[in-house]
Amino acid sequence: MTPDADLMILGAGPAGLAAAQYGARANLRVAVIEALSVGGQALHIDRLENYPGLAPVSGQEFALAMRRQAEDLGAVFIMEKAGSLEKDGGIFTAALASGRSLTARSAVAATGAKHRALGVPGEERLAGSGVSYCAACDGPFFRNKRVFVVGGGDAACDEARFLSRLCAEVVLIHRRGALRAQKALASRIQGSPRIETRFHTRLRGIQGESAVRSLVLERLDTGERYEEDADGVFICVGITPQTAGLPRLSLDGEGYILTDQAMATSLAGLFAAGDVRSCPFRQAVVAAAEGAVAAHSAASYIACG
């Protein structure tokens, strides 16, 4: 049986898009499967300003440009959810939501990660009604309103910057005494007159009937709990790797896929790149580099076939 593709890529974030480009440039028949929107976590970046050689651009523009490059080189995009990936007799098969399947000689898992919930009272009930995990998606609904951002990393700071151009007031709260974001980004946040930064502060509850009306906050240095009015809250406290549906693989203690330097997983012919892979530094440029390496390794695997 001739497989549908030489290289199957699960996920179309920066890692998957780079893998698609490099796979197609290696003259492989490349198919990219993406359930949601092309771009992955990059879509949450308001202003991508640290990608080497690239003028500042929105995450959406960056992702669309990468997709065009991949398609121009011959990669095919399939906008469907992949339910599972299996390997049998040297061939990988992905079961798609439509009921059909896609086969390939090699695969790259670039399935990324999803935003982590805090698990505080009111969060799940009011999700989509004032509780959000994506400022680029939901920010316009809070124009001229008062919102809070929870977190202290790059993602939280990016969200706060984006919201500060839309909202009347943005309050960034972080449980530690300093932001974890890159220094240049953290300095911009703390120097912005449109963003209030509060340290040693934890979100303890979200209140409201049909929409967010107030937040229960706690000062960790004093133990004081208090309530403040809010129209919305954006939660940016980390991500969870998306490994559901993948074959049994070696994972690290947090559930990320372990690979070698060639991005090879514990299953021959399956490579991993991007936010789903165990890595100490998660950036678009790192994900893209990993995707390029994964595609190169997949081409070598197929050639040795």
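The present account deals with the structure reproduced in this document. For every chain, the first residue of the written sequence is number 1, and numbering continues from 1 along that sequence. For a predicted model such as this one, the threshold for reporting local features is a pLDDT of at least 70, and the threshold for listing and counting side-chain atom pairs is 80 or more; totals across whole chains, interfaces and linings nevertheless cover every residue. Hydrogen atoms and water are omitted, and side-chain values are computed over all heavy atoms in the structure.

Regarding the packing of aromatic side chains
- Aromatic rings from Phe, Tyr and Trp, with only the six-membered ring used for Trp, were paired whenever their centres fell within 6.5 Å, and each pair was classed as stacked if the ring planes differed by under 30 degrees, edge-to-face if by over 60, and tilted otherwise. Under the definition given, this model contains three aromatic pairs.
- Here the aromatic rings of tyrosine 51 and phenylalanine 62 are separated by 5.0 Å at their centres, their planes lie at 55 degrees, and the arrangement is tilted. With tyrosine 51 in the loop between strand S2 (30-33) and helix H2 (59-72) and phenylalanine 62 in helix H2, this pair connects stretches of sequence that are eleven residues apart.
- Classification of phenylalanine 62 by relative accessible area gives buried; the value is 7%. Helix numbers and strand numbers start at the N terminus; a helix is a DSSP run of H or I with at least 4 residues, a strand a run of E with at least 2. Burial here depends on accessible area, computed with a 1.4 Å probe over protein chains only, as a share of the maximum for the residue type. Under 20% is buried, over 50% is exposed, and the range in between is partly exposed.

With respect to unusual backbone geometry
- Backbone geometry places asparagine 27, a non-glycine residue, at a positive phi of 70 degrees.
- Along the polypeptide, asparagine 27 turns up in the loop between helix H1 (14-25) and S2.
- A positive phi angle is found at histidine 200, which is not glycine, with a value near 55 degrees.
- Assignment of secondary structure puts histidine 200 in the loop between strand S11 (195-198) and strand S12 (201-207).
- A relative accessible area of 33% means that histidine 200 is categorised as partly exposed.

Quick word on the nonpolar core
- Membership of the largest hydrophobic core comes to 37 residues, with the highest contact counts inside it found for Leu7, Ile9, Val30, Phe62 and Phe77.
- Sorting the residues of this core by element identifies strand S1 (5-10), H1, S2, H2 and helix H6 (284-304) as the ones contributing at least two each.
- When residues of this core are assigned to their parent elements, the largest contribution, eight residues, is made by H6.
- Not counting chain neighbours up to four residues away, the residues in contact with phenylalanine 62 comprise Pro14, Ala42, Leu48, Tyr51, Leu54, Val57 and Ala284.
- Residues belong to a common nonpolar core when they are buried Ala, Val, Leu, Ile, Met, Phe, Trp, Tyr or Cys residues joined through side-chain atoms within 4.5 Å. Among the nonpolar cores identified, the runner-up in size contains 22 residues, and Cys157, Val170, Leu179 and Phe199 belong to it. Here a residue-residue contact requires only that any non-hydrogen atoms of the pair lie within 4.5 Å.

What about the packing of H1 against H2?
- It is at 8 Å that the axes of H1 and H2 come closest, and there the two elements cross at 25 degrees. Relative to H2, the element H1 lies roughly parallel. For the pair H1 and H2, the crossing hand works out as left-handed. Only Phe62, Ala63, Met66, Arg67, Gln69 and Ala70 of H2 make contact with H1, whose side of the interface consists of Pro14, Leu17, Ala18, Ala20 and Gln21.
- Charged residues are taken to be Asp, Glu, Lys and Arg, nonpolar residues to be Ala, Val, Leu, Ile, Met, Phe, Trp, Tyr, Cys and Pro, and polar residues to be all remaining types, Gly included. Split into classes, the residues belonging to the contact of H1 with H2 amount to eight nonpolar, two polar and one charged. Helix axes are fitted only over the stretch in contact, all axes being lines through C-alpha atoms; the angle between N-to-C directions runs from 0 to 180 degrees. Angle categories are assigned with fixed cut-offs, so that under 35 degrees is roughly parallel, over 145 is roughly antiparallel, 65 to 115 is roughly perpendicular, and the rest are oblique. By definition, any crossing whose near helix is turned counterclockwise from its far helix by less than a right angle is left-handed, and any crossing with a clockwise turn is right-handed.

So, the pattern of salt bridges
- A pair is scored as a salt bridge if a Lys or Arg side-chain nitrogen falls within 4 Å of a carboxyl oxygen belonging to Asp or Glu. Scanning the entire structure with this criterion turns up 14 salt bridges.
- A salt bridge links glutamate 218 to arginine 225, with the shortest nitrogen-to-oxygen separation between them at 3.9 Å.
- Classification of arginine 225 by relative accessible area gives exposed; the value is 53%.
- Among the charged side chains, a salt-bridge network with shared partners connects Arg146, Glu169, Glu196, Arg198 and Glu228.

Looking at the pairing of strand S9 (residues 146-150)
- In terms of residue burial, S9 counts as a mostly covered element, since five of its five residues are buried.
- Residues Arg146, Phe148 and Val150 point to one face of S9 and Val147 and Val149 to the other, with burial holding for every one of them.
- In terms of strand pairing, S9 meets strand S10 (residues 169-173) through five bridges, oriented parallel. In the strand pairing of S10, valine 149 is matched with leucine 172.
- Handedness of the crossover joining S9 and S10 through helix H4 (residues 154-164): right-handed.
- Judged from the four bridges that link them, S9 and strand S15 (residues 232-235) form a sheet pairing that is parallel. Residue pairing for S15: valine 147 is matched across the bridge by glycine 232. At least two bridges found by DSSP between two strands is the condition for calling them paired. With its strands directed away from the observer, a crossover is right-handed exactly when the path from the first strand over the helix to the second travels clockwise.

Quick notes on the pairing of strand S5 (residues 91-96)
- Relative to S5, strand S4 (residues 82-88) runs antiparallel, the two being bridged by six bridges. Note on S5: the bridge partner recorded for lysine 87 is phenylalanine 92.
- Hairpin geometry of S4 and S5 is characterised by an intervening segment of two residues between the two adjacent antiparallel strands and by a positive phi of about 60 degrees at glycine 89.

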